[in-house]
Amino acid sequence: MILIADCGSTKIDWCIVENGKVIKQIFTCGMNAVMLTEEEMASRIGNELVPELGDTPIEAVYFYGAGCINDEVCGNVANAIRKNLPGVTTVDVHTDLLAAARALCGHNPGIACIMGTGSNSCYYDGEKICDNVSPLGYILGDEGSGAVLGKILLGDVLKNQLPKHLCEKFLKEFELDRMTIIRRVYKEPQGNRFLASVTPFLIQNIEEPAIHSLVLNAFKAFFIRNIAQYQGYKDLKVNFIGSIAYYYKDVLEEAAKACECTVGTIIKSPMEGLIRFHS
């Protein structure tokens, strides 16, 4: 049996798979590998995952995670896994972007994108990532992401750039005021998650011209500042994974058309595609 992990900052989705079929699915708390030590990750895996595995014989682990950005970090994750699963023969650790590419494209070339709390993209040749425009995070980049959509929405509300009835509706619905927003963004940890948490307001009011325009322009920025940098992008399908792409599919396709791009597959989670890839 193999164990596949889709690791985000909020949660980790672990699937025990045998012959392409899911035997058991386990959810544990998320972790960003670049922010934790090997010992901290080993402790979390030991406390949260191992009791759920029981005596299940795992032969290989394929771990895809947030923060798995270089060999050193990936090595730390692999060591943390091996400390808890000493009988495993194979432990492969990769970035969540490769998870997206494999889940979306399989063994075929294409452009693979993540569009959730953050955003990212790459050109994938069917085996490896050959080109990647740096996402730069929600302050300098992450165009089209939940964090950036939330940032634009909050800024427009506080600077009265949206119609008055929408500003009032938003502040009342989320029980927010200017000082609370400033505190949550600048003084409390994980401001990106707070920013992304207000985006449901956008999809609930997407028929409002001002809201539609906000989301459309944010998605256009994603295509212009990221996808347009890949050679031959107009001839390749641009595939997406993540909650923002999934729930805003219609506006995303509208932005793609305006930027002369073609949207391919859009899925919410990579796990189904990863199971297919590894099976």
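Relevant structure appears above.
Definitions and limits used
- Residues numbered from 1 in each chain as written.
- Predicted model: local features only at pLDDT ≥ 70, side-chain atom pairs only at ≥ 80, totals over all residues.
- Heavy atoms only, no water.
- 1 Å grid on protein atoms, 1.4 Å probe; cavity = no way out; pocket = protein on both sides within 12 Å on 5 of 7 lines; lining within 4 Å.
- Points joined across faces, edges and corners; volume = space filled by probe spheres on them.
- Helix = DSSP H or I, 4+ residues; strand = E, 2+ residues; numbered from the N terminus.
- Nonpolar A, V, L, I, M, F, W, Y, C, P; charged D, E, K, R; others polar.
- Polar contact = N/O pair within 3.5 Å; in protein donor to acceptor, adjacent residues only side chain to side chain.
- Contact = heavy atoms within 4.5 Å.
- Axes fitted to C-alpha atoms, helices over the stretch in contact; angles between N-to-C directions.
- Parallel < 35°, antiparallel > 145°, perpendicular 65-115°, else oblique.
- Left-handed = near helix turned anticlockwise from the far one by under 90°.
- Buried < 20%, exposed > 50% of the residue type's maximum accessible area, 1.4 Å probe, protein only.
- Phe/Tyr/Trp six-rings, centres within 6.5 Å; stacked < 30°, edge-to-face > 60°.
- Salt bridge = Lys/Arg side-chain N within 4 Å of Asp/Glu carboxyl O.

## A word on empty space enclosed by the protein
Item 1. The final tally for this structure, using the stated rule, is 1 cavity of 30 Å³ or more.
Item 2. Taken as a whole, the largest cavity encloses approximately 40 Å³ of empty space.
Item 3. Taken together, Ile-12, Trp-14, Thr-28, Cys-29, Met-31, Arg-44, Ile-45, Glu-48 and Leu-49 make up the full set of residues lining the largest cavity.
Item 4. Within the residue set of the lining of the largest cavity, elements represented by two or more residues are β2 (11-18), β3 (21-29) and α1 (38-53).
Item 5. With 4 residues, α1 is the largest single contributor of residues to the lining of the largest cavity.
Item 6. By residue class, the composition of the lining of the largest cavity is 6 nonpolar, 1 polar and 2 charged.

## Some thoughts on the side chain of Asn-226
Item 1. Looking at the element boundaries, Asn-226 is found in the loop between α10 (209-225) and β9 (237-241).
Item 2. Side-chain polar atoms of Asn-226 contact the side chain of Glu-143, separated by 3.0 Å.
Item 3. Asn-226 has contacts with Ser-121, Val-133, Glu-143 and Ala-221, leaving out every residue within four places of it along the chain.

## Notes on the packing of helix α5 (residues 146-158) against α10
Item 1. The N-to-C vectors of α5 and α10 enclose an angle of 140°; their axes lie 10 Å apart at closest approach. Classified by the angle between their axes, α5 and α10 sit oblique to one another. For the pair α5 and α10, the crossing hand works out as right-handed. In this structure, α5 contributes Leu-149, Ile-152, Leu-153 and Asp-156 to the contact, and α10 contributes Leu-214, Val-215, Ala-218 and Phe-219.
Item 2. Each residue belonging to the contact of α5 with α10 can be placed in one class, and the counts come to 7 nonpolar, no polar and 1 charged.

## Brief notes about unusual backbone geometry
Item 1. In the Ramachandran plot, Asp-142 falls in the positive-phi region, its phi being about 55° despite a non-glycine side chain.
Item 2. Positioned with a positive phi, Glu-175 is a non-glycine residue whose angle comes to about 50°.
Item 3. Mapped onto the fold, Glu-175 is located in the loop between α6 (164-173) and α7 (178-186).
Item 4. In this structure Glu-175 comes out as exposed when scored by relative accessible area, which is 70%.

## Let's talk about the packing of aromatic side chains
Item 1. In total, this model carries 8 aromatic pairs according to the counting rule given.
Item 2. A centroid spacing of 6.1 Å and a plane angle of 80° characterise the contact between Phe-219 and Tyr-248, whose relative ring orientation is edge-to-face. With a gap of 29 residues between them, Phe-219 in helix α10 and Tyr-248 in the loop between α11 (243-247) and α12 (249-258) connect regions that are remote in the sequence. Neither residue differs from the other here; Phe-219 and Tyr-248 are each classed as buried.
Item 3. In this structure an aromatic cluster arises from ring pairing among Phe-170, Phe-174 and Phe-201.

## Some remarks on the pattern of salt bridges
Item 1. Under the criterion given, the structure shown has 8 salt bridges.
Item 2. One salt bridge connects Glu-188 with Arg-183, and the closest N-O pair in it is separated by 2.8 Å.
Item 3. By relative accessible area, which is 36% here, Arg-183 ends up partly exposed.
Item 4. Through salt bridges with shared partners, a single network forms among Arg-183, Arg-184 and Glu-188.

It is worth stressing that arrangement in space is one thing and function is another; only the former is reported here.
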